[in-house]
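Breakdown of the fold
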Amino acid sequence: MNLSLPLNKDSNNHNSGGSGNGGTSSTGITLSPILSNSILSSPISSPRLISSGNNNNNNNNNNNNNNNNNNNNNNNNNNNNNSNNNSNNSNNNGDKPRKAGIQLDSDGCLIKRIIKEGYGEIPPPRSIVTVHYEGYLSNQVLFDSSVQRNSPFTFQMGTKSVIDAIEQSISTMKVGQEAEIVTTQRYAFGKLGLPPFIPPNVSVIYKIKLLSYKLKSNDFRNFESLINKSKEEKEIGNQFFQKSNYKKAIRHYVKSIWILNDPEQTIGLNEMENKLLKDTLIILYLNLASCNIRLKDGKRGISNCEKILELGGNTTAKFYYRMGQAYSLNKQYDSAKRCLVQAIRLEPNDKLLRDELDNIKKLQEENNK
């Protein structure tokens with residue numbers, strides 16, 4: 001897993017999908033143990049330690065503890081001496097106060113705390129940036145790390161290649177800066193999450209170090225190069241699909257979609273180009289739905305089929321077959337049967353469609369017992 005996994009975007013506001021120029025060097029989706037030795041200079045902290053409101057609560061608690069300590073010290077001089085010795089030891093260890101978090105959005109859903117200052121200027125828009133990162137769930141379990149892979153992650157800003165929390169945070173960082181980012185699902189993996197690795201509606205924490213940036217000199221110059229780059233990702237996805245590695249296939253299909261969804265690259269297309277764009281997206285969403293079905297994820301399968309409907313791709317038997325399968329997995333058997341009936345109308349001689357309809361009827365009967 002890496003930063004270029006599906007965009008956050010709540011379903012009410014955004015579409016899921018994405019690409020990443022640096023994503024082709026990433027490894028497979030894995031769950032990683034928490035690192036004991038990180039190149040980043042500070043251990044992970046809980047999101048509650050970053051918000052200013054909770055800091056005030058902590059300060060109040062500390063004041064209460066100090067009052068209790070003073071009362072105890074009045075009763076016991078030896079304890080007082082021990083407390084002083086402990087305080088001196090803490091000072092000798094060079095403990096530094098934590099820096100306050102910086103709110104990067106208007107509603108407090110994205111907070112950044114600088115761990116180590118950087119130098120120079122922040123990356124200009126559409127720069128190619130290289131970072132090291134660690135991604136944690138809110139319970140501090142590490143789910144992804146370029147540090148552990150010993151492979152920095154590179155992507156182009158402004159291309160929807162990464163989740164919004166990363167994009168917005170890096171746009172405020174200088175080279176060498178290390179920061180801790182706390183974000184709700186709004187700027188991360190959305191309401192559905194990324195099962196089984198990212199739970200639904202979960203906040204995540206990233207530790208990021210900006211290693212370098214440069215301006216991209218060979219951006220997509222025409223629509224043909226955009227389509228070709230998208231096809232490259234799709235073909236990689238097809239290879240993983242044929243090997244039954246559906247999770248990796250999904251990653252590359254999503255990247256292919258992200259490339260095609262870049263508005264800066266698809267403004268002003270002519271009629272023929274727009275048709276090619278839609279046809280390519282329809283195929284990619286069908287492939288995604290097929291992966292979802294094989295992973296028994298009917299809900300996401302339905303969602304991807306609905307994207308095909310939006311693109312006007314509900315004209316083939318294959319579409320209705322996939323949507324029927326997705327409905328069946330979600331135990332929406334009446335909708336599933338209607339889809340299969342429509343598929344059979346389009347391909348009346350296809351035995352596979354009739355067999356699937358019979359199978360759905362049997363599942364519905366068993367479910368109704």
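Described in the following lines is the structure provided in the data block.

What counts, and where the lines are drawn
Residues numbered from 1 in each chain as written. Predicted model: local features only at pLDDT ≥ 70, side-chain atom pairs only at ≥ 80, totals over all residues. Heavy atoms only, no water. Helix = DSSP H or I, 4+ residues; strand = E, 2+ residues; numbered from the N terminus. Buried < 20%, exposed > 50% of the residue type's maximum accessible area, 1.4 Å probe, protein only. Areas by Shrake-Rupley, 256 points an atom, 1.4 Å probe, with all protein chains shown as cover. Disulfide = S-S within 2.5 Å. Pairing = 2+ DSSP bridges. Lys, Arg positive; Asp, Glu negative; His and termini not counted. Salt bridge = Lys/Arg side-chain N within 4 Å of Asp/Glu carboxyl O. Contact = heavy atoms within 4.5 Å. Core = buried A, V, L, I, M, F, W, Y, C linked by side-chain atoms within 4.5 Å. Phe/Tyr/Trp six-rings, centres within 6.5 Å; stacked < 30°, edge-to-face > 60°.

A tally of regular secondary structure across the protein gives twelve helices and seven strands. Counting only residues that meet the buried cut, the protein has 46% of its 369 residues in that class. About 19300 Å² of surface is accessible on the protein, with carbon and sulfur atoms providing 45% of the total.

This part covers the state of the cysteines. Chemically, a disulfide is nothing more than a covalent bond linking the sulfur atoms of two cysteines. In the structure shown here, the tally under the stated rule is zero disulfides. In this structure Cys-339 is a free cysteine whose sulfur lies 7.9 Å from that of Cys-305, the closest cysteine sulfur available. For Cys-339, a relative accessible area of 8% puts it in the buried group.

The pairing of strand β3 (residues 127–137) with strand β4 (residues 142–145) spans three bridges and is antiparallel. Within β4, the residue paired with Glu-134 across the bridge is Ser-145. Hairpin connection, β3 to β4: the antiparallel pair is bridged by four residues, and Gln-140 has positive phi, about 75°.

We now examine the side chain of Glu-356. One can find Glu-356 in helix α12 (residues 351–368). This buried residue, Glu-356, is left without a salt bridge; Arg-322 holds the nearest opposite charge, at 8.2 Å. Those residues within four positions of Glu-356 in sequence are excluded, and the remaining contacts are Tyr-321, Gln-325 and Leu-340.

Before going further, it helps to spend a moment on the environment of Gln-140. Of note, Gln-140 is situated in the loop between β3 and β4. Judged by its relative accessible area of 30%, Gln-140 is partly exposed. As a C-alpha pair, Gln-140 and Val-204 span 64 residues in sequence and 8.7 Å in three-dimensional space.

The biggest cluster of nonpolar side chains holds 41 residues, and the ones touching the most others in it are Leu-260, Leu-288 and Leu-353. Mapped by element, the contributors of at least two residues to this core are α5 (223–242), α6 (246–260), α8 (271–294), α9 (298–310), α10 (317–329), α11 (333–346) and α12. In this view, Leu-288 contacts Ile-250, Tyr-253, Val-254, Ile-257 and Asn-304; residues no more than four positions away in its chain are not counted. Among the nonpolar cores identified, the runner-up in size contains 30 residues, and Leu-137, Phe-143, Val-202 and Ile-208 belong to it.

A ring pair, where both rings are aromatic, is described by two values, the distance of the centres and the angle of the planes. In total, this model carries seven aromatic pairs according to the counting rule given. Taking the centre distance of 5.9 Å and the plane angle of 80° together, the rings of Phe-143 and Tyr-206 count as edge-to-face. Here the residue Phe-143 occupies a position in strand β4, and Tyr-206 occupies one in strand β7 (residues 204–215), the gap between them amounting to 63 residues. For Phe-143, a relative accessible area of 1% translates into the label buried. The interplanar angle of 25° and the centroid separation of 5.6 Å between the aromatic rings of Phe-153 and Phe-155 together place this pair among those described as stacked. These aromatic residues form a ring-pair network of at least three members: Tyr-133, Phe-143, Phe-153, Phe-155, Phe-189 and Tyr-206.

Functional significance is not addressed by these values, which are geometric in nature.
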